[in-house]
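Overview (structure and organization)
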Amino acid sequence: MLDVCLLGSGGMMPLPYRFLTALMTRFNGSSLLIDCGEGTQVAVKERGWSFKPIDVICFTHYHGDHISGLPGLLLTMGNADRREPLTLIGPKGLERVVSCLRVIAPELPFPIIYREIEGPEQTFEMNGYRLKAFRVNHNVLCYGYTLEIDRAGKFDVERARSQNIPQRYWSRLQGGETIETEEGVLTPDMVLGPPRKGIKLTYTTDTRPTESIRRNAEGSDLFICEGMYGEKDKAAKAVEYKHMTFYEAAETARDAQVREMWLTHYSPSLTRPEQYMNEVKKIFPAAKAGKDGMSAELMFED
């Protein structure tokens with residue numbers, strides 16, 4: 001199971017009813033944060049989640065509304081006597097940008113591991129999931145992210161018995177372990193059926209529609225996508241500043257055949273995104289207007 005919470009759904013500036021951009025996921029005892037806009041700490045507290053399990057923070061790009069909450073979050077982690085390493089992932093310039101922000105958080109009791117994204121796409125394997133960064137189209141270098149959790153095939157008891165595999169090894173093989181015995185090497189593929197459908201989450205913001213988004217979001221259980229403007233007369237503005245309208249996001253979700261889409265990263269002038277959803281749903285019926293604190297539990301299929 002993957003827990004997902006849209007902590008902040010605002011773009012450009014925080015509002016009394018809307019924090020800036022941030023998404024948090026929890027899986028298998030670890031937490032991942034994508035972007036860390038102003039208000040992220042308060043949003044985590046309001047959700048009732050903890051800072052302690054956060055071991056990875058990703059950044060789509062380095063505009064202030066996506067990273068301005070980081071120094072305070074680092075200080076909070078340090079004041080909680082954190083000792084475990086924290087991994088930061090982001091576009092080129094990551095360490096330089098974070099080092100500048102850390103002028104107000106110069107001493108931390110935990111190490112920071114910097115992993116700059118190289119090239120148009122890069123995949124990171126960590127904490128039981130696969131995280132893929134892919135380049136999108138904004139007015140600065142910007143990436144979207146796809147998080148995937150694979151699921152092994154079912155354990156085949158009959159295959160295990162037919163190969164005379166001792167029962168004491170079954171659970172280890174089911175868990176993906178390769179076992180060396182006196183009789184030979186036992187591998188998971190000897191007892192597992194074909195891989196089953198896993199869990200897939202895609203998050204992208206501050207971009208025009210791109211083929212990279214459609215391709216990487218394909219088949220996602222949840223697609224969280226920026227919708228800067230709901231007003232149709234702002235389509236030209238979206239093109240000029242390299243953002244997406246609600247309708248372009250819906251078309252992307254439809255083309256990528258995702259299961260559900262949440263809109264996010266609203267313009268400060270967009271006070272009631274819900275009023276545009278009827279038109280959006282004509283393009284993609286499983287669209288929702290995201291809001292701060294919106295959560296989901298993505299489950300493996302039976």
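Just above sits the structure.
Because the structure is a prediction, the values reported are computed rather than measured.

Another point: the overall build of the protein chain. A count of helical and extended segments in the protein chain gives 10 helices and 16 strands. Expected size for 302 residues packed as a compact globule is a radius of gyration near 19 Å; at 21 Å, the protein chain falls within 12% of this value. Each principal axis of the C-alpha distribution contributes one length, and for the protein chain these read about 70 × 50 × 35 Å. As displayed, the protein chain offers around 14100 Å² of accessible surface, 49% of which is attributable to carbon and sulfur atoms.

Before going further, it helps to examine the sheet that holds strand β8 (residues 129-135). The mixed open sheet is built from 7 strands, whose spatial order is β7-β8-β9-β12-β13-β14-β15. Bordering the open sheet on either side are β7 (121-126) and β15 (287-289), each of which pairs with just one other strand. With direction set aside, neighbouring strand axes in the sheet form an average angle of 20 degrees. Two elements, strand β12 (residues 196-204) and strand β13 (residues 222-226), share 4 bridges in a ladder whose sense is parallel. Looking at β13, one finds that T204 is bridged to C225.

Moving on to the packing of aromatic side chains. Taken as a whole and assessed by the stated rule, the structure comprises 4 aromatic pairs. Between F59 and Y62, the ring centres sit 6.5 Å apart and the planes meet at 55 degrees, which makes this aromatic pair tilted. Residue class for F59 comes out buried when judged on its relative accessible area of 0%. Ring geometry for F155 and W170: centres 5.3 Å apart, planes at 45 degrees, overall tilted.

What follows concerns helix α9 (residues 246-256). Burial of α9 is extensive: 8 of the 11 residues sit out of reach of the surface. Along α9, the positions that sit buried rather than exposed are F246, Y247, E248, A249, A250, T252, A253 and A256. Looking at the buried residues of α9, the elements they touch are α7 (211-217), β13, β14 (261-264) and α10 (277-283). Q257 occupies a position one or two residues after α9 and carries a positive phi of about 55 degrees.

Unlike most non-glycine residues, N28 shows phi in positive territory, near 55 degrees. Its place among the elements puts N28 in the loop between β2 (22-27) and β3 (30-34). Even without a glycine there, the phi angle at K242 is positive, about 60 degrees. Relative to the assigned elements, K242 resides in the loop between α8 (235-241) and α9. Classification of K242 by relative accessible area gives partly exposed; the value is 29%.

Reading the values: rules and limits
- Residues numbered from 1 in each chain as written.
- Predicted model: local features only at pLDDT ≥ 70, side-chain atom pairs only at ≥ 80, totals over all residues.
- Heavy atoms only, no water.
- Helix = DSSP H or I, 4+ residues; strand = E, 2+ residues; numbered from the N terminus.
- Rg over C-alpha atoms; globule rule 2.2 N^0.38 Å.
- Areas by Shrake-Rupley, 256 points an atom, 1.4 Å probe, with all protein chains shown as cover.
- Pairing = 2+ DSSP bridges.
- Axes fitted to C-alpha atoms, helices over the stretch in contact; angles between N-to-C directions.
- Phe/Tyr/Trp six-rings, centres within 6.5 Å; stacked < 30°, edge-to-face > 60°.
- Buried < 20%, exposed > 50% of the residue type's maximum accessible area, 1.4 Å probe, protein only.
- Contact = heavy atoms within 4.5 Å.

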